[in-house]
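Each chain is listed here by its residues.
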Amino acid sequence: CLAIGSTVLIGLAMALWPDPPVAPLALLCVAGGTIHTVRLARWQGWKTRGVPLLWSMHLSYLCLPLAMFALAMTAGDAAASRSVIHLLAIGTIGGMILAMMSRVSLGHTGRPLDVPAYVAAAFALVFAAAILRAALPLLDVALTVWAWRLPAVMWMVAFTLFLLRYAPVLLQPRVDGKPG
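As the structure is a prediction and not an experimental result, all values here were calculated from the model.

Across all of its chains, the model carries one cavity of 30 Å³ or more by this definition. Of the volumes computed, that of the largest cavity is approximately 60 Å³. What lines the largest cavity is simply Ser56, Leu59, Ser60, Cys63, Gly91, Gly95, Leu98, Phe123, Val126 and Phe127. The set of elements that each furnish at least two residues to the lining of the largest cavity consists of α3 (52-74), α4 (78-107) and α5 (117-139). No other element matches α3, which puts four residues into the lining of the largest cavity.

In structure tokens form, the structure reads like this:
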């Protein structure tokens, strides 16, 4: 309840309040980031390091508290906040979509829930793209163009790797002969 509530409050504050006071927004973001970090730690994601279909979801979820902490650090700086929100957009949303599409594509076609190393690399590429997109403009404004281009290429490579692996899976009948 606290995790969802803090996320909703941050989203509403940022969407409905064009220029929220810096200190309350930063405090709310730190509280939300802390709540999500505790939640993530309780899932013991480090135990999934050998299972890409699991660690990819934990890594994607990690981008949510990272985004909240980064928003707290950049509160009051609209340009910096726009950069760090990519932790949420690319890392949390994009990463979770890629991880879930990978898992569901295997499970719903009757295949084992195993992925080749290049699919695991695709998961890592999305995470790295999120970090670079958020961090490069903060490190040096001259790196902004690279913050657009490099993560975009990483994103395209990651989803191309997904397509290479899963197009054949999704274009063939289930391997177990069941309908669907």
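The next subject is unusual backbone geometry. A positive phi is found at Gln44, a non-glycine position, where the angle reads about 55°. Looking at the secondary structure, you find Gln44 in the loop between α2 (22-42) and α3.

To continue, consider helix α1 (residues 2-16). Counted at 1.5 Å a residue, the expected span for α1 with its 15 residues is 21 Å, and the 21 Å between its end C-alpha atoms agrees. Considered for burial, the residues of α1 that qualify are Ala3, Ser6, Ile10 and Ala13. The buried side chains of α1 occupy one side of the element, clustering within an arc of 105° when seen end-on. In this structure, α1 carries Ile4, Ala15 and Leu16 as exposed residues pointing more than 90 degrees from its buried face. Of the surrounding elements, those touching the buried residues of α1 are α2 and α3.

By volume, the largest pocket is sized at about 260 Å³. For the largest pocket, the lining is made up of 15 residues, of which Met14, Pro18, Pro20, Ala78 and Ser81 are closest to its centre. Going through the elements one at a time, α2 and α4 are the ones with two or more residues in the lining of the largest pocket. It is α4 that contributes the most residues to the lining of the largest pocket, four residues altogether. Residues of the lining of the largest pocket, tallied by class, amount to 10 nonpolar, two polar and three charged.

Parameters and conventions
- Residues numbered from 1 in each chain as written.
- Predicted model: local features only at pLDDT ≥ 70, side-chain atom pairs only at ≥ 80, totals over all residues.
- Heavy atoms only, no water.
- 1 Å grid on protein atoms, 1.4 Å probe; cavity = no way out; pocket = protein on both sides within 12 Å on 5 of 7 lines; lining within 4 Å.
- Points joined across faces, edges and corners; volume = space filled by probe spheres on them.
- Helix = DSSP H or I, 4+ residues; strand = E, 2+ residues; numbered from the N terminus.
- Expected span 1.5 Å × (residues − 1).
- Buried < 20%, exposed > 50% of the residue type's maximum accessible area, 1.4 Å probe, protein only.
- Arc of directions from axis to C-beta.
- Contact = heavy atoms within 4.5 Å.
- Nonpolar A, V, L, I, M, F, W, Y, C, P; charged D, E, K, R; others polar.

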